[in-house]
Amino acid sequence: MTYRVYIKKDYKNKIERIGEASNRSFFFKIVSLAVLAISAFFMFGTGSSDRQEPSLATVEVAPKPDITPITNQHKITPANIENIELQNINEEFTSVIETNVAENTIDDSSFQDIESVIEDEDVFQKDEIIDPWQSVTVKSGDSLALIFSRLGLSPTSLYKLMSLGKEVSKLKKIRPGQLLNFHIEDDELLGLEYEMNLTKTLKISKEENRFKSEVIQIELEKVVKHASAIINDSLFLSAKRAGLSDNLIMQLVAIYGWDIDFALNIREGDSYTVIYEEQYKDGVKVSDGPIIAAEFINRDKTLRAVRYTHDDGRVDYYADNGDAMRKAFLRTPVELARISSRFNLKRKHPILNRIRAHKGVDYAASTGTPIKATGDGTVVLAGKKGGYGRTVILKHGGKYSTLYAHLHRYARGVRTGSRVKQGQTIGYVGKSGLATGPHLHYEFRINGVHRNPLTVKLPKAESISKEALAEFKVKVNPMIVELDRLTGKSAVAVQQSDSSITLADAMMEDG
Ligand SMILES: [Zn+2]
């Protein structure tokens, strides 16, 4: 087999050096150069018409008329040999060396060296293999334009990207700490991945010189778990011991807060069992909730609650007989407020200084504290009303109405005639009208008669209708069975473990 080897301009020097094989590493470089040159030959050709060369006995220098004198500049030295580039070799060849490998012109050992050089990484191959994907963590004050400029990407590619439409416009809302993965080759953007949230990833890729985008939906893995605890200090501490997150504790309080006053009514020995969901992504827990069923034993009174999704998508908690856990009204319209004056029909008014019935409850709170609508209703007044100052009056069906006075201001969108939902902020605590300091004056009326908001028996929210009750019972039965199993087997022994698949399946259908 015949190889044609091209050496850059100073073949004589080179042959001498090959002879010197004592400097092995240098020799490898020479050999590598030869190998490269061989490749160069096969890649680029030579223009020589003379390819079927008969085998030659030895390394032989082909006669060449235009050999330039050897100068220092052309000398191959360890210092400059690595600077010789493949392309130059091809362009500047002025001489040809032909070797016949079959006839051992290069001895066996050096030939093996050639192979080992080929197997090792080529000393001339300076290009490292670069991962075309790079991750960028969004920094404070970053915009996509800044990131593109840092990566050396053209504003045009950003413009093309942003003109893709609605999904891609999410990229305008990148936040510090978020991760963007860029696919860049030769300073050209070929792809971009953006994790919008836990379950959605935006993927942009360039195909046939056009960007296209898609949103990939990632399904979180749901696992149904349960926990049980006895309260011997506080609800919070007992729940923490049972492995419940703050989120789940808040949910538990929200479900039972209508029936149990967690500040006043909890007794040592009260206990509860909770069945809930956890969500996993790639095997890592990313969120928990909702609670799908629970049992709370408060002073020997057992209260069970199950989560139920109506056909129209509404979700609420019900007792196992279909009664709503929720009441039609919140007991208090402000959180974290102190009662400064109670319902009293014979109170001496602090400003007017004479007996005047106090037909509501005063909650002292700082100016600007949000005030919540205690029930779903319609705004029949959002305006000034004498000594009440800025006032909101809500009507809830035909029977009930509530009043909120001394507001600092109304919440956005709350005006006479608008609809509000239970818990919605309708205004903010102030001291407008006749008031000594910032507080909310709250009234509750049934058929126009003032009732004590703190003690009035609050109506329950809408329960499961008679027509829907059979379907409700079928759907929640797996949860009831599981609660029976968990509480019957042992009230508290089981702290936490995975629940049965059957229940999990039932929950999935429930949504
Ligand atoms: Zn008052």
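Residues numbered from 1 in each chain as written. Predicted model: local features only at pLDDT ≥ 70, side-chain atom pairs only at ≥ 80, totals over all residues.

Trainee: Mind laying out the overall build of the protein, listing which residues take part and the relevant values?
Mentor: Helices and strands together make up the secondary structure of the protein, namely ten helices and 25 strands. Expressed as a percentage of its 511 residues, the buried residues of the protein come to 26%. Sequence separation of at least 24 residues holds for 66% of the intrachain contacts in the protein that already meet a minimum separation of 6. (Helix = DSSP H or I, 4+ residues; strand = E, 2+ residues; numbered from the N terminus. Buried ≥ 20, exposed ≤ 12 C-beta atoms within 10 Å, placed from the backbone. Contact = placed C-beta atoms within 7 Å.)

Trainee: Outline the nonpolar core, supporting the account with residue identities and numerical values.
Mentor: Formed by 34 residues in total, the largest nonpolar core has its most connected members in Val274 and Ala294. When residues of this core are traced back to their parent elements, those giving at least two are β9 (221-230), α7 (235-241), α8 (246-256), β10 (271-281), β11 (284-298), β12 (301-309), β13 (315-318) and α9 (466-489). Looking at this core element by element, the count peaks at five residues for β11. Setting aside its immediate chain neighbours within four residues, alanine 294 contacts Leu252, Ile255, Tyr272, Thr273, Val274, Ile275 and Ala305. The next biggest cluster of nonpolar side chains, apart from the first, holds 26 residues, and it includes Ala337, Ala365, Ile371 and Val392. (Core = buried A, V, L, I, M, F, W, Y, C linked by C-beta atoms within 7 Å.)

Trainee: Break down the sheet that holds strand β8 (residues 210-217) for me, with residues and values.
Mentor: With antiparallel pairing, five strands are arranged side by side in an open sheet as β4-β5-β6-β7-β8. Edge positions in the sheet fall to β4 (133-137) and β8, since each of these pairs with one other strand and no more. Adjacent strand axes in the sheet meet at a mean angle of 20° when their direction is disregarded. Sheet topology note: the β4/strand β5 (residues 179-185) ladder contains five bridges and is antiparallel. Within β5, the residue paired with tryptophan 133 across the bridge is histidine 183. (Pairing = 2+ DSSP bridges. Axes fitted to C-alpha atoms, helices over the stretch in contact; angles between N-to-C directions.)

Trainee: Tell me what's going on with the sheet that holds strand β20 (residues 407-410), and back it up with residues and numbers.
Mentor: Whenever strands of a sheet pair, they do so through backbone hydrogen bonds, lying parallel or antiparallel. Taking strand neighbours across the sheet as the criterion, the three strands line up as β16-β22-β20 in an open arrangement whose pairing is antiparallel. Two strands lie at the open edges of the sheet, namely β16 (370-372) and β20, each paired on one side alone. With direction set aside, neighbouring strand axes in the sheet form an average angle of 35°.

Trainee: Describe the pairing of strand β19 (residues 400-405), naming the residues involved and giving the relevant values.
Mentor: Burial analysis of β19 places six of its six residues in the buried class, the great majority of the element. What you see with β19 is no split at all: Tyr400, Thr402 and Tyr404 on one side and Ser401, Leu403 and Ala405 on the other are buried throughout. Relative to β19, strand β18 (residues 390-396) runs antiparallel, the two sharing five bridges. Along β19, the bridge assignment pairs isoleucine 393 with leucine 403. The sheet contact formed by β19 and strand β23 (residues 439-446) spans six bridges and is antiparallel. The residue bridging leucine 403 from the neighbouring strand is glutamate 443, located in β23.

Trainee: Give me the confidence of the model for the protein: which residues, what numbers.
Mentor: A residue-level look at the protein finds 70% of positions with pLDDT of 70 or above and a mean pLDDT of 77. Contacts for the low-pLDDT stretch residues 490-511, under 50 throughout, to residues beyond four places or in other chains number 39 contacts. (pLDDT = per-residue confidence, 0-100.)

Trainee: Any chance you could break down α8 for me, citing the residues and the numbers?
Mentor: Residues of α8 that are buried include every one of Leu248, Gln251, Leu252, Ile255 and Tyr256, and no others. Each buried residue of α8 sits inside an arc of 115° when the element is viewed along its axis, so together they form one side. Buried residues in α8 make contact with β10, β11, β12 and β13. (Arc of directions from axis to C-beta.)

Trainee: Account for the pairing of strand β7 (residues 200-207), with residues named and values stated.
Mentor: Two strands pair when backbone bridges link them, and strand β6 (residues 188-195) and β7 are joined in this way by five bridges, in the antiparallel orientation. Within the sheet, the bridge partner assigned to glutamate 195 lies in β7 and is threonine 201. In textbook terms, the turn of a hairpin is the stretch between consecutive antiparallel strands, and for β6 and β7 this stretch comprises four residues. Note: β7 against β8, eight bridges, orientation antiparallel. The residue bridging serine 205 from the neighbouring strand is lysine 212, located in β8. Between β7 and the antiparallel strand that follows it, β8, lie two residues; glutamate 208 among them carries a positive phi value of about 45°.

Trainee: Residues and numbers for unusual backbone geometry, please.
Mentor: Between glycine 289 and the following residue, proline 290, the backbone shows a cis peptide bond with an omega angle of 0°. Within the element layout of this structure, proline 290 appears in strand β11. Of note, arginine 299 is a non-glycine position whose phi angle comes to about 50°, a positive value. By the secondary structure assignment, arginine 299 is in the loop between β11 and β12. Of note in this structure, histidine 406 is not a glycine but carries a positive phi near 70°. Within the secondary structure, histidine 406 is located in the loop between β19 and β20.

Trainee: I'd like a rundown of the environment of tyrosine 363, residues and numbers included.
Mentor: Position of tyrosine 363 relative to the elements: it lies in strand β15 (residues 361-364). Owing to 24 C-beta atoms within 10 Å, tyrosine 363 belongs among the buried residues under this scheme. With 30 residues separating them along the chain, tyrosine 363 and proline 333 place their C-alpha atoms 8.9 Å apart. Leave out the neighbours within four places in its chain, and tyrosine 363 touches Val334, Ala337, Ile339, Ser340, His439, Leu440 and Tyr442.

Trainee: How would you explain the environment of tyrosine 272 if you had to name every residue and give the values?
Mentor: Residue placement: tyrosine 272 occurs in strand β10. Measuring from C-alpha to C-alpha, the distance between tyrosine 272 and phenylalanine 296 comes to 4.3 Å, with 24 residues separating the pair along the chain.

Trainee: So, the environment of leucine 235: which residues are in play, and what are the values?
Mentor: Take leucine 235: it is sitting in helix α7. Considering only alpha carbons, one finds leucine 235 and valine 253, 18 residues apart in sequence, at a separation of 9.3 Å.

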